[in-house]
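Residue-level structural notes
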Amino acid sequence: QSAKSVVLNYGYGEYTPFKSLRLVAGKFLDPVWRPTDVFWDTDINPEGVGINFDYKLNSKVGLFWNELFNVLRNDARADKQVFMLVTQPGVNIAINDKINLKSAIAINAFTNIKGAARFASTSSTNTVATTAATQYKYNYNSLQPSAEISIKEPLGGLVPYAAVFGDYVYNFSLPNSATGKGGYDFGLKFGDAKVEDWKKWQAKIIYSKLG
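In this report, we go over the structure that sits alongside the text. (Residues numbered from 1 in each chain as written. Predicted model: local features only at pLDDT ≥ 70, side-chain atom pairs only at ≥ 80, totals over all residues. Heavy atoms only, no water.)

**As for the side chain of Lys181**
Our working definition: Think of it this way: any DSSP run of H or I at least four residues long counts as a helix, any run of E at least two long counts as a strand, and we number them from the N terminus. Polar contacts here mean pairs of N or O atoms no more than 3.5 Å apart (in protein, one a potential hydrogen donor and the other a potential acceptor; neighbouring residues in sequence count only if both atoms are side-chain atoms). Contacts are assigned to residue pairs that have any heavy atoms within 4.5 Å of one another.
Along the chain, Lys181 turns up in the loop between β8 (161–171) and β9 (182–191). A distance of 3.3 Å separates a polar side-chain atom of Lys181 from the backbone oxygen of Pro175. Other than its neighbours up to four places away in sequence, Lys181 contacts Val169, Tyr170, Asn171, Leu174, Pro175 and Asn176.

**Focus on the packing of aromatic side chains**
For clarity, the threshold we go by: Centre distance within 6.5 Å is the pairing criterion for rings of Phe, Tyr and Trp, where only the six-membered ring of Trp is used; planes under 30 degrees apart are then read as stacked, over 60 as edge-to-face, and the remainder as tilted. The classification of residues rests on relative accessible area computed with a 1.4 Å probe and restricted to protein chains. Under 20% of the type maximum is buried, over 50% is exposed, and intermediate values are partly exposed. The rule for a charge over a ring is simple: NZ of Lys or CZ of Arg within 6 Å of the ring centre, and within 35 degrees of the ring normal.
For the structure shown, the criterion picks out nine aromatic pairs. Judged by centre distance (6.2 Å) and plane angle (90°), the ring pair of Tyr136 and Tyr140 falls under edge-to-face. On the accessibility criterion, Tyr136 (3% relative accessible area) is buried. Of the aromatic side chains, those joined through ring pairs into one cluster are Tyr184, Phe186 and Tyr207. It is Lys102 that lies over the ring of Phe64; its NZ or CZ is 5.2 Å from the centre. A cation over a ring is seen here: Lys189 above Phe165, with NZ or CZ 5.6 Å from the ring centre.

**Some points on empty space enclosed by the protein**
Filter applied, for reference: Both site types are read off a 1 Å grid over the protein atoms alone. A 1.4 Å probe that fits but cannot get out defines a cavity, while an open set with protein on both sides within 12 Å along at least five of seven lines defines a pocket; lining residues have an atom within 4 Å of a point. Grid points are joined across faces, edges and corners, and a volume is the space filled by probe spheres set on the points. Under the scheme applied here, ten amino acids are nonpolar (Ala, Val, Leu, Ile, Met, Phe, Trp, Tyr, Cys and Pro), four are charged (Asp, Glu, Lys and Arg), and all others, including Gly, are polar.
Applying the stated criterion to the full structure yields one cavity of 30 Å³ or more. As for the largest cavity, its lining consists of Val32, Trp33, Arg34, Gln88, Ala106, Gln144, Ser146 and Asp167. Taken together, the residues of the lining of the largest cavity sort by class into three nonpolar, three polar and two charged.

**A short note on unusual backbone geometry**
In this structure, Asn112 takes a positive phi of about 60° despite not being glycine. Relative to the helices and strands, Asn112 resides in the loop between β6 (99–111) and β7 (142–152). For Asn112, a relative accessible area of 37% puts it in the partly exposed group. For Glu153, which is not glycine, the phi torsion reads 50° and is therefore positive. Tracing the backbone through its elements, the reader meets Glu153 in the loop between β7 and α1 (154–157). Given a relative accessible area of 46%, Glu153 falls into the partly exposed group.

**Digging into the nonpolar core**
Definition in use: As used here, the term nonpolar core means buried Ala, Val, Leu, Ile, Met, Phe, Trp, Tyr and Cys residues forming a set that is joined through side-chain atoms within 4.5 Å.
Within the largest apolar cluster, 14 residues are counted, with the highest numbers of intra-cluster contacts made by Leu68, Val82, Met84, Val86, Ile113, Phe119 and Tyr136. Elements supplying a minimum of two residues to this core: β5 (82–94) and β6. The leading source of residues in this core is β5, at three residues. Once residues lying within four places of it in the same chain are set aside, the contact partners of Leu68 are Phe28, Asp30, Pro31, Val32, Arg34, Pro46, Val49, Met84, Leu85 and Val86.

Here's what the structure looks like:
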């Protein structure tokens, strides 16, 4: 009989040694905070190791630090193994009882992207080498600042929640002659802060430009 394939959305182990620290390994929800998907799709579940550290300095200010080691390609038959490492420190500030500012800066680092064969699920607009059309031409090591300002019950409580947010990404591994080194997007969302059941709702509009 033929072998059967198994496809998992999640398969991971999680350990919380103390309240502020979470460790996870396997295939899991992305541990990096991403207000938009200008750089990385927010519905992709990475495979590897994730770390979340969240610490409150006081009632107004909290610090967080996210780490992700993501195995993008790990095939013993392939010439190059491809990994992604994300480091993201950030801050949460309660400006008052209704307004909150969340901001972070991520460093995205890759191994062996340049010259690697294009991933089956990648965007067709990613730059590939002219001499080998299926291989990536550049690395994607990049800096990514993000910010979001959220408001509880704006407009006199017409909606329970609203936020303005934005991302910027800069690929610092590109040569000086390359164009389109950066990208950005910004947007507005309103409705419920989290959509957890059918009674909740949220609307979102985003403008995006990616080099």
